[in-house]
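Survey of secondary and tertiary structure
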Amino acid sequence: MRRTLIESLFRGKLTEPAPRVGEAEPMALLTELGETARGRLGRSLAIRELDAGSCNGCELEITALGNAFHDLERFGLKFVASPRHADVLMITGPLTRNMLEAMRSAYEAMAAPKFVIAVGDCACTGGVFAGSPACIGAAAQILDVDLRIPGCPPDPVTLLKGLIGFANALASAPTHRSTQS
Ligand code: SF4
């Protein structure tokens, strides 16, 4: 025990350094995202986040979008508690068998037009859990996915860039398949 304590006194940091992101970059992206969402959609975009079996790493980064620094809701994007109020189902984690029906129910509860975004390597491909007997894998195996944002986990800047691309794409695809249901 004493040896462990002494070693830990002299051991350097074991964590990776945080990515260098200037304050200006997230602010510029948030402003662009807000303008894009309002300009293209004419209103704010409501997102229902669904954890389909995540390790919670992706949720930590998504939660960071709502902290005092990013404050995503200022820019017209909000996370909602009910899929009935959502335009977008944002899925994280490898789809576990236990969450299959919950994911289907959430999607069916949404009003058209509705969209699906897979966030993180697990939701995009199954990630490190692909092949597990407890998991089905990528969200796209069950639902049509409109956007994939890879990363393990994707950081807030990557998430913002993905959401901006998504808001732009909505304008160029006004007759989306999900408007039919
Ligand atoms: S992509 Fe990485 S951080 Fe996100 S749920 Fe999977 S293992 Fe966790």
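Residues numbered from 1 in each chain as written. Predicted model: local features only at pLDDT ≥ 70, side-chain atom pairs only at ≥ 80, totals over all residues. Heavy atoms only, no water.

As annotated in an unreviewed UniProt entry, the chain carries the name NADH-quinone oxidoreductase subunit NuoB and is attributed to Acidiphilium acidophilum. Checking UniProt for the chain, the heading Sequence similarities (unreviewed entry) contains the comment "Belongs to the complex I 20 kDa subunit family." (UniProt positions renumbered as here; feature names shortened; annotations may be inferred.)

1. Considerations on the site of the ligand
Neighbouring the ligand are the residues Ser 54, Cys 55, Gly 57, Cys 58, Gly 120, Asp 121, Cys 122, Gly 151, Cys 152 and Pro 153. Looking at the shell around the ligand, the elements that each hand over two or more residues are α3 (57–64) and α5 (120–125). Its residues assigned to classes, the shell around the ligand shows five nonpolar, four polar and one charged. (Near = heavy atom within 4 Å. Helix = DSSP H or I, 4+ residues; strand = E, 2+ residues; numbered from the N terminus. Nonpolar A, V, L, I, M, F, W, Y, C, P; charged D, E, K, R; others polar.)

2. Describing the nonpolar core
Ranked by size, the top nonpolar core spans 24 residues in total, and within it Ile 117 and Phe 166 carry the most contacts. Among the secondary structure elements, those contributing two or more residues to this core are α2 (24–41), β1 (45–51), β3 (88–92), β5 (115–119), β7 (147–149) and α6 (156–172). A per-element tally of this core places α6 first, with seven residues. The residues touching Ile 117, leaving out its near neighbours within four places in the chain, are Val 88, Leu 89, Met 90, Ile 91, Leu 147, Ile 149, Leu 163 and Phe 166. Counting residues in each nonpolar core, the second largest holds 21 residues, with Leu 50, Leu 100, Val 116 and Ala 123 among its members. (Core = buried A, V, L, I, M, F, W, Y, C linked by side-chain atoms within 4.5 Å. Buried < 20%, exposed > 50% of the residue type's maximum accessible area, 1.4 Å probe, protein only. Contact = heavy atoms within 4.5 Å.)

3. What about the pairing of β1?
Counting buried positions over the seven residues of β1 gives five, a clear majority of the element. With three bridges joining them, β1 and strand β2 (residues 77–79) adopt parallel strand pairing. Counted as the bridge partner of Leu 45 is Leu 77 from β2. Following the chain from β1 across α3 to the adjacent parallel β2, one finds a crossover that is right-handed. Both β1 and β3 contribute to a ladder of five bridges, which runs parallel. Bridged to Leu 50 within β3 is Ile 91. (Pairing = 2+ DSSP bridges. Right-handed = clockwise from strand over helix to strand, strands pointing away.)

4. What to know about the sheet that holds β2
Spatial strand order, β2-β1-β3-β5-β7: five strands in an open sheet with parallel pairing. Because the sheet does not close on itself, it has two edges, and the strands there are β2 and β7. Strand-to-strand twist across the sheet, computed as the mean angle between neighbouring axes with direction ignored, equals 25 degrees. In the sheet, β5 pairs with β7 via three bridges, with the strands oriented parallel. The residue bridging Ala 118 from the neighbouring strand is Arg 148, located in β7. The sheet strands contacting α3 are β1, β2, β3 and β5, and the helix crosses β3 at an angle near 135 degrees. (Axes fitted to C-alpha atoms, helices over the stretch in contact; angles between N-to-C directions.)

5. Points about a nonpolar patch on the surface
On the surface, a nonpolar cluster with roughly 390 Å² of combined accessible area is contributed by Ile 6, Leu 9 and Phe 10. Looking at the element boundaries, Phe 10 is found in helix α1 (residues 2–10). Residue classification places Phe 10 among the exposed residues on the basis of a relative accessible area of 72%. (Patch = residues over 30% accessible without salt bridge, like charges linked within 9 Å, V, L, I, M, F, W, Y side chains within 5 Å. Areas by Shrake-Rupley, 256 points an atom, 1.4 Å probe, with all protein chains shown as cover. Salt bridge = Lys/Arg side-chain N within 4 Å of Asp/Glu carboxyl O.)

6. So, helix α4 (residues 100–109)
All of the buried residues in α4 are Leu 100, Met 103, Ala 106 and Tyr 107. The arc that holds the buried residues of α4, viewed along the axis, is 135 degrees, so those residues lie on one side. Of the surrounding secondary structure, the elements contacted by the buried residues of α4 are β1, β3, β4 (95–96), β5 and β6 (135–137). (Arc of directions from axis to C-beta.)

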